[in-house]
Amino acid sequence: MTGNHSTFKFNWKKIKNSDIPFVENILQSVENNYVSACGRYLARNASNDPVWLLRDKQGNIHALIINSRSTLIPVLRDFNELTNLDFLKSFFRIKKIHSVQGLKNEVVIMENAIKQYGWKAIENIDYDLMSLDRKPDNKTNFSGNPLNLVLRVPKMTDLDALSPLQAAYEQEEVLPQGSVFSYAASRINITNIVAGGKILAASCNGKLVGKINVSAVSFKRYLVGGVYVHPDYRGFGIGRKMAHEFISTLINEGRGVTLFVKKDNIPAKKLYAGLGFTVRGDYRITYY
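All of these numbers come straight from a predicted model, not from anything done at the bench.

1. Looking at the overall build of the chain
Check the secondary structure of the chain and you find 8 helices and 12 strands. In terms of overall dimensions, the chain is globule-like: its C-alpha atoms have a radius of gyration of 20 Å, near the 19 Å expected for 288 residues. Its C-alpha atoms give the chain principal-axis dimensions of about 65 × 40 × 35 Å. Counting the 288 residues in the chain, one finds 52% classified as buried. For the chain, the share of sequence-separated contacts (at least 6 apart) that also reach a separation of at least 24 residues comes to 74%. For the chain, the computed accessible surface area is about 14100 Å², with 49% contributed by carbon and sulfur atoms. Across the chain, the 38 positively charged side chains and the 25 negatively charged ones have centroids separated by 2 Å.

The following block contains the structure:
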């Protein structure tokens, strides 16, 4: 179904166990544009993170809203408006929403729909959604390795050195305006990332100066994030070399790679384009 819909003919229902195969078929069919949604769906705590389905009278599922911790992720596909969201009233009474994220046009639809419940956005951040399905191009010339660059998978014993990099990344790339940064929460984040094993760190002259990691795993793709190089070490090609090696490893597993990069981050966009990434669309995170 495409185009406008009379959404009063549709009803939102919370997911049941019997719905899971149908929901996962839908998500897999649209995975390339919804990697974050798929990853959040697969990693969610089913008892605490509900998923709502928009059904027609025949029981067919046309759209989803996924809750992952404090984030709402719409998967609207061909809907351009949302109504009948009264089920969110009780949900908002017991849980504070930190953000809505996803394809930009769908996040805007979601923003407009929840305004009636008193939720006002404090910041919108727009990104390019980029993807790669083959081994990345390598145009890096790191002749002589003057900084004694070493790329390696960090261990738990590296947490004290990694934590400042993770904290700087979160404050520079993630934290919305006016928010209070939590070093304790950031330390937990990097601990979990290292425990998961999908991370690569860059060391120069024995000092950790950069990192890149997988931030979500969907059905057949990885979402890459957490890319950061210390300001004192930028401009030497470290980020490109680090990204090339890490993403090559992921591609060799037979998965595609997706990431999103801020619209105004020209150096990062140039880096990823140089590796072979192409823009698939617009992505938005709206903070509340």
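Resuming the write-up.
2. Focus: the environment of Leu147
Turning to its location among the elements, Leu147 is positioned in the loop between β6 (123-132) and β7 (149-152). Residues Leu147 and Val30, spaced 117 residues apart in sequence, show a C-alpha to C-alpha distance of 43 Å. In contact with Leu147, not counting residues within four places along its chain, are Cys204, Asn205, Tyr233, Phe236 and Ile238.

3. Some thoughts on the packing of aromatic side chains
As enumerated under the stated definition, the model contains 13 aromatic pairs in all. For the ring pair Tyr127 and Phe260, a centre distance of 5.1 Å and an interplane angle of 70° mean the geometry is edge-to-face. Of the two residues, Tyr127 is situated in strand β6 and Phe260 in strand β11 (residues 256-262); the sequence distance between them amounts to 133 residues. Looking at Tyr127, the relative accessible area reads 5%, which means it is buried. Ring centres of Phe181 and Tyr183 lie 4.7 Å apart, and the angle between their planes is 90°; on these two criteria the pair is classed as edge-to-face. Put simply, the rings of Trp12, Trp52, Phe87, Phe91, Phe92, Tyr117, Trp119 and Tyr288 touch in pairs and so form one group of aromatic residues.

4. Points about the packing of helix α5 (residues 159-174) against helix α6 (residues 183-196)
Close contact between α5 and α6 brings their axes to 9 Å; oriented N to C, the two are set at 115°. Like other packed secondary-structure pairs, α5 and α6 cross with a definite hand, here right-handed. Contact residues: α5 offers Leu159, Asp160, Leu162, Ser163, Gln166, Ala167, Glu170 and Gln171, while α6 offers Tyr183, Ser186, Arg187, Asn189, Ile190, Thr191, Ile193 and Val194. The residue makeup of the contact of α5 with α6, split by class, is 7 nonpolar, 6 polar and 3 charged.

5. Digging into helix α3 (residues 87-94)
Looking at α3, one finds that the buried residues are Phe87, Leu88, Phe91 and Phe92. Down the axis of α3, the buried side of the element spans an arc of 120°, and every buried residue falls inside it. Opposite the buried face of α3, by more than 90 degrees, sit the exposed residues Arg93 and Ile94.

6. Looking at the nonpolar core
By size, the foremost hydrophobic cluster in this structure holds 30 residues, and its most contacted members are Ile238, Ile247, Tyr272 and Phe277. If you list the elements that add at least two residues to this core, you get β6, β7, β8 (199-204), β9 (207-217), β10 (221-229), α7 (238-252), β11 and α8 (266-275). Not counting residues up to four positions away in its chain, the partners in contact with Phe277 are Met130, Ser131, Leu132, Ile247, Val257, Leu259 and Tyr272. Judged by nonpolar contacts, the second largest core, of 25 residues, contains Leu54, Leu82, Val107 and Ala113.

7. Quick word on the side chain of Arg221
Along the chain, Arg221 falls in strand β10. Those residues within four positions of Arg221 in sequence are excluded, and the remaining contacts are Glu31, Asn32, Val35, Ser131, Leu132, Asp133, Ala216, Arg255, Gly256, Val257 and Thr258.

Rules used in this analysis
- Residues numbered from 1 in each chain as written.
- Predicted model: local features only at pLDDT ≥ 70, side-chain atom pairs only at ≥ 80, totals over all residues.
- Heavy atoms only, no water.
- Helix = DSSP H or I, 4+ residues; strand = E, 2+ residues; numbered from the N terminus.
- Rg over C-alpha atoms; globule rule 2.2 N^0.38 Å.
- Buried < 20%, exposed > 50% of the residue type's maximum accessible area, 1.4 Å probe, protein only.
- Contact = heavy atoms within 4.5 Å.
- Areas by Shrake-Rupley, 256 points an atom, 1.4 Å probe, with all protein chains shown as cover.
- Lys, Arg positive; Asp, Glu negative; His and termini not counted.
- Charge placed at Lys NZ, Arg CZ, Asp CG, Glu CD.
- Phe/Tyr/Trp six-rings, centres within 6.5 Å; stacked < 30°, edge-to-face > 60°.
- Axes fitted to C-alpha atoms, helices over the stretch in contact; angles between N-to-C directions.
- Left-handed = near helix turned anticlockwise from the far one by under 90°.
- Nonpolar A, V, L, I, M, F, W, Y, C, P; charged D, E, K, R; others polar.
- Arc of directions from axis to C-beta.
- Core = buried A, V, L, I, M, F, W, Y, C linked by side-chain atoms within 4.5 Å.

So, to be careful, I would describe these as geometric facts and stop short of saying anything about function.
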